[in-house]
Amino acid sequence: MDLWGSYLASFDLLLRFDTFGWMALGLFLGIFVGSMPGLTTTMAMAILLPIAFFLEPLIGIPFLLGVYKGGIFGGSIPAILVSIPGTGAAAATVFDGPGLTKKGHARKALEMSLFASVFGDTSSDVITIAAIGIIALIATQIGPPELGAVIILSLIVIAATSNGAFVKAMIMMALGLFIGMIGQDPIGALSRFTFDIFEVRAGIPLLPMLIGLFAIPEVLTAAEHRATQYVRDQLNVRSGERLTFAEFKSCFRTIVRSTCIGTVIGAIPGTGQVAAAFIGYAAARNASKTPEKFGTGILEGVAAPEAANNAVNGPTLVPLLTLGIPGDNITAILLGAFIAQGLRPGPQLMVEQGPMVYAILNAMLIANVMLIFIAYLTIPLFARVVTIRKSLLLPLTVCLAFAGAFVYRSDPTDLLFLVGFGVFGYFCRKFHFQVTPLVMAFILGPELERTVGQSLSIAQGDLLGYIVFDRPIALGLLLGTPLLAWWMWRRAVAMQRTAQSLVAERRTQDVGTAD
């Protein structure tokens, strides 16, 4: 595999005006959705996923990456202006962002969020590009037993780090594996669990499931509450004081620290931007000489979580592209886009489509540059978006969800799957069952079954002896899975406690201010 040659060849594929145009559109739509409290980036990508199916891979996937990057940054806009995070990734930004707005520094806070986000994202993307080739080379040397062990490890880690009870996550994972078994088995192509229903003989379609689980519950949850404007007064950030280079430089050490934290967390399946944001904020406060100022409205309190949550973006693609294992909801949707384009992420993707993979990664760097200009010029516009009633957008969201589920295969049955998974996802949310383990297990289940079947064939029936005596790496991964899952679960609990303590501290400050 000629990594350097593939990297150079990627620019010939990438440097196209239509790719840049669609990325710009994706960034704009992502910022718009992120700036609307209650409309998540995951929901936007699920609804816009069908658009990517009708575009070339080097247009459709960069378009979705633009939505992804724009949405993560856009979530900081309402977090800073009205103390309501537009996305979960901006949950820690509400600690200091609104305080800066009250001081009349809203524009300065938004610009700090933008520059910290772009720095963190760009740095992690560069690290991703430098490391992915080496990781892909290692991945090509592993066989079915090792890949199966990695999939099992990933599923357990995702379940252990999901929000909520571990038992509930394991139940959802088991359900996802079962749903993934409906249809034809990947080895013998025999039908199973179809109950003589013709529509499911080919399996459960991925796209209606993704849109149903990620978009419809958002709409139903929002519809429970009476739609009101978050802000009744005019928000004017056009004439606000701008961020100076000296102020950015004073926060640079914090930004670098948070970038490192986000990059490491991004490479771990199941953690994501929320955990990175809270850890980055807590690390900045602990390292500060004046920790008492955090929570009162300082720029460092905005820079820390925004650099950390955006630094997650690049590394999350490493396990997806090299092993075919999505680490979170966003990469699960991206996996759907790859599969629809005829590209199967995994160890052979870099060998067969190396220039295209590098072109997609380089598109992330270009998207970061475009984000600076688009976001900087449109900050006043998206500050006004916060005042739009959600009741005006929810009907449009439903229409787009149904249209997207139908146009992929033009099969009316897909609408039934959409509604079914949508209602199921809504009740899962009500009873605090996370759908992420279900989606991951559904996607990885067939590949896990294929690797187990291949391993049985190679082992000639004696799988245990084959793993113990001939596959020490697979054995080590399987033995280390419970220990790693326990450690990840402890870390996840510690992260949740840190987040809860920060939120409780913020509420105490708010009560004291009100008094």
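Relevant structure appears above.
This text gives an overview of the structure that appears in the document. Keep in mind it's a predicted model, so treat the numbers as computed, not measured.

Calculation rules
Residues numbered from 1 in each chain as written. Predicted model: local features only at pLDDT ≥ 70, side-chain atom pairs only at ≥ 80, totals over all residues. Heavy atoms only, no water. Patch = residues over 30% accessible without salt bridge, like charges linked within 9 Å, V, L, I, M, F, W, Y side chains within 5 Å. Areas by Shrake-Rupley, 256 points an atom, 1.4 Å probe, with all protein chains shown as cover. Salt bridge = Lys/Arg side-chain N within 4 Å of Asp/Glu carboxyl O. Helix = DSSP H or I, 4+ residues; strand = E, 2+ residues; numbered from the N terminus. Expected span 1.5 Å × (residues − 1). Bend = angle between axes of the 7 residues up to and from the residue. Buried < 20%, exposed > 50% of the residue type's maximum accessible area, 1.4 Å probe, protein only. Contact = heavy atoms within 4.5 Å. Core = buried A, V, L, I, M, F, W, Y, C linked by side-chain atoms within 4.5 Å. Axes fitted to C-alpha atoms, helices over the stretch in contact; angles between N-to-C directions. Parallel < 35°, antiparallel > 145°, perpendicular 65-115°, else oblique. Left-handed = near helix turned anticlockwise from the far one by under 90°. Nonpolar A, V, L, I, M, F, W, Y, C, P; charged D, E, K, R; others polar. Phe/Tyr/Trp six-rings, centres within 6.5 Å; stacked < 30°, edge-to-face > 60°.

Taken together, Phe166, Leu484, Trp486, Trp487 and Trp489 make up a surface patch of nonpolar side chains, about 520 Å² in accessible area. The element contributing the most residues to the nonpolar patch is helix H23 (residues 472–514), with 4 residues. Within the secondary structure layout, Leu484 lies in helix H23.

Now for helix H3 (residues 41–53). With 13 residues, H3 extends 19 Å from end C-alpha to end C-alpha; this agrees with the ideal 18 Å at 1.5 Å per step. Maximum bend of H3: about 35 degrees, positioned at Ile47, with proline Pro50 one to four residues after it. In terms of residue burial, H3 counts as a mostly covered element, since 12 of its 13 residues are buried. Thr41, Thr42, Met43, Ala44, Met45, Ala46, Ile47, Leu48, Leu49, Pro50, Ala52 and Phe53 are the residues of H3 that are buried. As for H3, its buried residues are in contact with helix H2 (17–34), helix H4 (57–74), helix H10 (206–214), helix H11 (216–223), helix H17 (329–340) and helix H19 (394–407).

By size, the foremost hydrophobic cluster in this structure holds 123 residues, and its most contacted members are Met112 and Leu361. Examining the composition of this core, we find that 19 residues originate from one element, helix H18 (residues 349–385), more than from any other. Counting 12 residues, the second-largest nonpolar core is a separate cluster that includes Ala90, Val94, Phe294 and Ile298.

Turning next to the packing of helix H13 (residues 252–266) against helix H15 (residues 300–311). Where H13 contacts H15, the two axes come as close as 7 Å, and the packing angle between them is 30 degrees. Looking at the two axes, H13 sits roughly parallel to H15. Here H13 runs over H15; the crossing is right-handed. Between H13 and H15, the residues in contact are Thr254, Ile255, Ser258, Thr259, Gly262 and Thr263 and Glu300, Ala303, Ala304, Ala307, Ala308 and Ala311, respectively. Looking at side-chain class alone, the contact of H13 with H15 contains 6 nonpolar, 5 polar and 1 charged residues.

Here we come to the environment of Ile279. Here Ile279 shows up in helix H14 (residues 273–287). Along the chain, Ile279 and Pro315 lie 36 residues apart, while their C-alpha atoms are 17 Å from each other.

Attention now goes to the packing of H3 against H4. At a minimum axis distance of 10 Å, the contact between H3 and H4 shows a crossing angle of 165 degrees. Taken together, H3 and H4 sit at an angle that is classed as roughly antiparallel. Judged by the sense of rotation from one axis to the other, the crossing of H3 with H4 is right-handed. Here H3 contributes Thr41, Ala44, Met45, Leu48, Leu49, Ile51 and Ala52 to the contact with H4, which in turn contributes Gly60, Phe63, Leu64, Val67, Tyr68, Gly71 and Ile72. Its residues assigned to classes, the contact of H3 with H4 comprises 11 nonpolar, 3 polar and no charged.

Attention now moves to the packing of aromatic side chains. This model, assessed by the stated rule, comprises 14 aromatic pairs. Where Tyr7 meets Phe11, the ring centres are 5.3 Å apart and the plane angle is 90 degrees; that geometry is what we call edge-to-face. On the criterion of helical spacing, the pair formed by Tyr7 and Phe11 is a turn pair, its members being 4 residues apart in helix H1 (residues 3–14). On the basis of relative accessibility, which here comes to 30%, the residue Phe11 falls in the partly exposed class.

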